[in-house]
Structures are given as C-alpha cells and as structure tokens.
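# Observations on chain architecture
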Amino acid sequence: MTETTTIQEELQARALRALAGGVSSNTRLLNPHLIVDRAEGARLWDVDGTEYIDYLLGQGPNFLGYAPPRVVEKLAAAQKDGIIYAATHRREIEAAERVLSILSWAETMRFGSSSSEMVQAAMRIARQATGRRYIVRFHGHYHGWFDNIQIQSVDGVAGPGSLGQVPDALDPTITISWNDPAAFQKLIQERGDEIAGVIMEPMMLNAGAIEPRPGYLETVRELTAKHGIVLIFDETISGFRVGLGGAAERFGVFPDLAVYGKAMAAGWPCAALVGKRDLFTEVATGRLTHAGTFNGNVVATTAVLASLDELEDRSAYSRIEQVGSELMRGLGELASQHGLPLKIQGLPMAFHLRFDEENDVVTSYDQILALDASRYSAFARRLIESGVWVAYRGIWYVSAAHTSFDVDETLQRIEPVVAAAAQNL
Ligand SMILES: Cc1ncc(COP(=O)(O)O)c(C=O)c1O
C-alpha cells in the first residue's frame, strides 16, 4: 500500500479478495468503490468519512430512513426473547393480523425472507390451484433471480437473464408487453385456458417508473377473473410505499395474491405472500410446500410491527409526498434551466430519471430500452461523487426521514453536475 491509500481503497481491495466481485449481491456490482461505514436518517457515510444524501434506501427497504430510533428500540428489545423457535409466536400472529387489516382485500398470508422466494410460492400456488402450467409475465418486470423467472428481453423476446440458467426453466412462462391491453386480450383469447397465473408489478418500478394506463389493471383483473386465472401483484417495491395499501389500493384494483417486501419492514429482511384464503388451502395442509428456516422470525416480524406503527396513521405518506414533490420539481427546474434533456417521471416516493430527447413521458418498457442507459449511469456516477447516493439505473426513492432541508442541499450538490452535463451536450 502507498501512503496515499485511503481506508476505502484498502477495504475495497480486501472486499475484492474476500467477496466475489467485492459484493454480496450482483445489483451492487456497479458500486464497488463505496464501502459504507454507517447511516442515519437520510444520510450515509463511507469509511473515509464522506457524507452522502441517500436516495437509494438500500434498494428500497429503508422507507423510514436509516436506524429510525423507535424501530431500533423495539428490535433491540425483541431480540432478547430469542430469534427463531421453529414454532409460531405472538409477534408473528400480530404482524400477520396487522398486515391483513391494512390489505383489506387479503384473507391470509405467509411470511418469508425475500421477495424472490415469495414469487416462487405464488407461482406454485397458482399452478396448483388451476391445474394449469403457464405463468404470464411482462417485459421489464423483475421478479427475482431464480431460474424460472429471471429474464433478459432482447428485441421483444425474453431469454435467460443469467449465465448458468437452465434455458428451458423459462418454458412455462409467456412474456408479453405490459400496459398494452390489446396484447393481453389477444393472449387470453388464444390461450386463456392454459394460463395458471399472471404476475406483474402493478406499477412498473424496477426498470422505470411507469403507472398503469387508465383501465389497464381493470382489464387484466376482469379477464383473469373470467378465465379462472390467478392474478398476482408483485408489490415488492410499490407495497407500503406508494400508499399504505400499496399499488392495489392506489389504483383500486385488487389481485388474488400479492408479494410484499422492502418497505414493509424498515430495512429488515422480511417478505410476505398474501391473498385469498382458498388459494392457501394446500399450503395450510402442507401438501403444497412453502418453507424457510428464517421465515417469520422474531426480529423480522417485530420490524413489520414497528414499521406499521410508524406508517399506519398515513401522515408519513403526506410528508413523503410533499418532500418528494419538492425534489422532483427542483430537479426538473435545474434540468430546464440548463437545457438538459433529463426527464423525471413517477411518484414522489419512487421516481425515475432518464436522459431522453424523444419523450416527456414513457408508457412502455420498449421506450426505456431504446434509451442510452450509459448516459444516465455516467451522470449518476457524478452525483455520487458529489455526495448524492443514487442507483445507476435511474430509480430515486424518498423516505420518511428526508426533509425539505435535505432536498435543498441535494439540489445544491447536484447543480454543478447538471451544469457540467449541459456543457457536454
Ligand atoms: C418487483 C420486485 N420483485 C422481486 C424482487 C426480488 O426481491 P428480493 O431481492 O427480496 O428477493 C425485487 C427486488 O428488487 C423487485 O424489485
């Protein structure tokens, strides 16, 4: 090591040796240069002491901000009772009851540790309940990294998304364009009797922030009900974020099953599959396997309860709407002052930025695929270097810990980056 080696560089070298690619999840591969020391509220600090205002929220979970004091206190107390018993416990029952009381359309549920696995359970239930084989899913929607669901769409064709993936694991899925009612109607007309389930992000958030077109979710709901198909909403990002009742409540369309994670448990690994009681009949008998050593553990379910304590009166949502709107507006003003084709789209709690000369608003994944993603990721890199921690893929999350003061400071940090980007047009 030379004298100028920073703590960050030293730890990064160690990370690269000890962890494949220096990370524990491939979604972090793009950010290997940042080794985090700690985080609090809306800010995090790297090991060299540099401070960042955070709009990534750990890929979404820290919806209450980092280390929210009341949540931390409840978690510390709960873990003194032990963490996992291989048996049901009081907090688990209470957490399930609270989740179901919020999601009024749902009747029963199971907890899990990640959304990837809850998606697997949802597909298994849909296939068992209908006796059919196919799951319909949509280009650009992410449902976890497992063989039977991870895709990469090239020229409108969905293929395996990873090396080592069994290609025919995707065979019992059909991938079509989302937000296109005609495409959905055509598929259901032609193959409705073969389809077990339809899984979607009810608002596309993983690869862009696209709201459903008016009437789209209603059309999908009506046709799936008519053909006995299980409608599954993957609310991993939207759940407990775009409103207490998630996208289902926000858009007024209710599925048969839904997956929740991220914002539900204030940063703790906890996911849920909720839905209609009859769909869980064989889960309850044990003939349909859903399992997991860590499911519903004391800390995770305490995190759900503590999180809902903060969210249930809904005042956090109006604060986030206000602060997030200020940020969206401020970013828009900066872009137009400097003549930068930076487009901002989505909701105040989860929006998307992109460089786009063509469209003010995008309504399809094809329009996102057509963009030069490298231009935004270079911009994101500059933002991070200026103390604003964001994802390279364009999503910005706002938490209950962000304030107008954070927004003002963020815009100050961003202004020179926008000005420099405008110079290079
Ligand atoms: C919509 C959606 N579904 C599923 C997943 C997978 O969740 P997990 O990483 O908890 O397995 C994600 C993760 O980002 C997601 O955004």
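Residues numbered from 1 in each chain as written. Predicted model: local features only at pLDDT ≥ 70, side-chain atom pairs only at ≥ 80, totals over all residues. Heavy atoms only, no water.

## Comments concerning the sheet that holds strand S14 (residues 350-355)
Pairing is antiparallel in the open sheet, where three strands are placed in the order S13-S14-S16. Each of the sheet's edge strands pairs with one partner strand only, and the pair in question is strand S13 (342-347) and strand S16 (395-397). Averaged over all adjacent pairs, the angle separating strand axes in this sheet is 25 degrees, with direction ignored. Bridging between S14 and S16 involves three bridges; their strand directions are antiparallel. Bridge pairing in S16 places Ala-350 opposite Tyr-397. Its contacts with the sheet place helix H10 (residues 315-337) against S13, S14 and S16, and it is angled at close to 165 degrees to S13. (Pairing = 2+ DSSP bridges. Helix = DSSP H or I, 4+ residues; strand = E, 2+ residues; numbered from the N terminus. Axes fitted to C-alpha atoms, helices over the stretch in contact; angles between N-to-C directions. Contact = heavy atoms within 4.5 Å.)

## Side note on the environment of Lys-262
With respect to the helices and strands, the residue Lys-262 is situated in the loop between strand S11 (257-260) and strand S12 (271-275). Considering only alpha carbons, one finds Lys-262 and Glu-235, 27 residues apart in sequence, at a separation of 9.2 Å. With residues up to four places along the chain from it excluded, the contact list for Lys-262 reads Gln-59, Gly-60, Pro-61, Thr-236, Ile-237, Arg-241, Gly-267 and Cys-270. There is a polar contact of 3.0 Å between the side chain of Lys-262 and the backbone oxygen of Gln-59. (Polar contact = N/O pair within 3.5 Å; in protein donor to acceptor, adjacent residues only side chain to side chain.)

## Quick look at the pairing of strand S3 (residues 51-54)
In this sheet, S3 lies alongside strand S2 (residues 43-46) in antiparallel orientation, the contact comprising three bridges. Across the sheet, the residue bridging to Arg-43 is Ile-53, located in S3. Counting the residues that bridge the hairpin from S2 to S3 gives four residues, and of these Gly-49 lies at a positive phi of roughly 90 degrees. Direction of pairing for S3 relative to strand S15 (residues 388-389): parallel, over a ladder of two bridges. Across the sheet, the residue bridging to Ile-53 is Val-388, located in S15.

## What to know about the packing of helix H2 (residues 69-78) against helix H9 (residues 298-311)
With their axes 9 Å apart at the nearest point, H2 and H9 run at an angle of 150 degrees to one another. For the element pair H2 / H9, the angle class is roughly antiparallel. Classified by chirality, the crossing of H9 by H2 is right-handed. The segment H2 lies against H9, with Arg-70, Val-71, Lys-74, Leu-75 and Ala-78 engaging Val-298, Val-299, Thr-302, Ala-303, Ala-306, Asp-309 and Glu-310. Considering only residue class, the contact of H2 with H9 consists of seven nonpolar, one polar and four charged. (Parallel < 35°, antiparallel > 145°, perpendicular 65-115°, else oblique. Left-handed = near helix turned anticlockwise from the far one by under 90°. Nonpolar A, V, L, I, M, F, W, Y, C, P; charged D, E, K, R; others polar.)

## Section: the domain arrangement of the protein
Accessible area lost upon the coming together of the parts is a frequently used measure of interface size. According to the domain assignment, the protein contains domain 1 (34-67 + 314-423) and domain 2 (69-311). Computed over C-alpha atoms only, the centres of domain 1 and domain 2 are separated by 26 Å. Taken together, the contact pairs 28 residues of domain 1 with 32 residues of domain 2. Together domain 1 and domain 2 conceal approximately 2500 Å² of surface at their shared face, both sides included; 60% is due to carbon and sulfur atoms. Linking domain 1 to domain 2 there are two salt bridges. Two residues, Arg-314 and Glu-249, come together in a salt bridge whose shortest N-O distance is 3.0 Å. Remark: the boundary between domain 1 and domain 2 carries ten residue pairs in polar contact (both at pLDDT 80 or more). Elements represented by at least two residues in the side of domain 1 that touches domain 2 include exactly H10, S13, S14, helix H11 (365-369) and S16. (Domains from an automatic or database assignment. Buried area = accessible area lost by both parts, 1.4 Å probe. Salt bridge = Lys/Arg side-chain N within 4 Å of Asp/Glu carboxyl O.)

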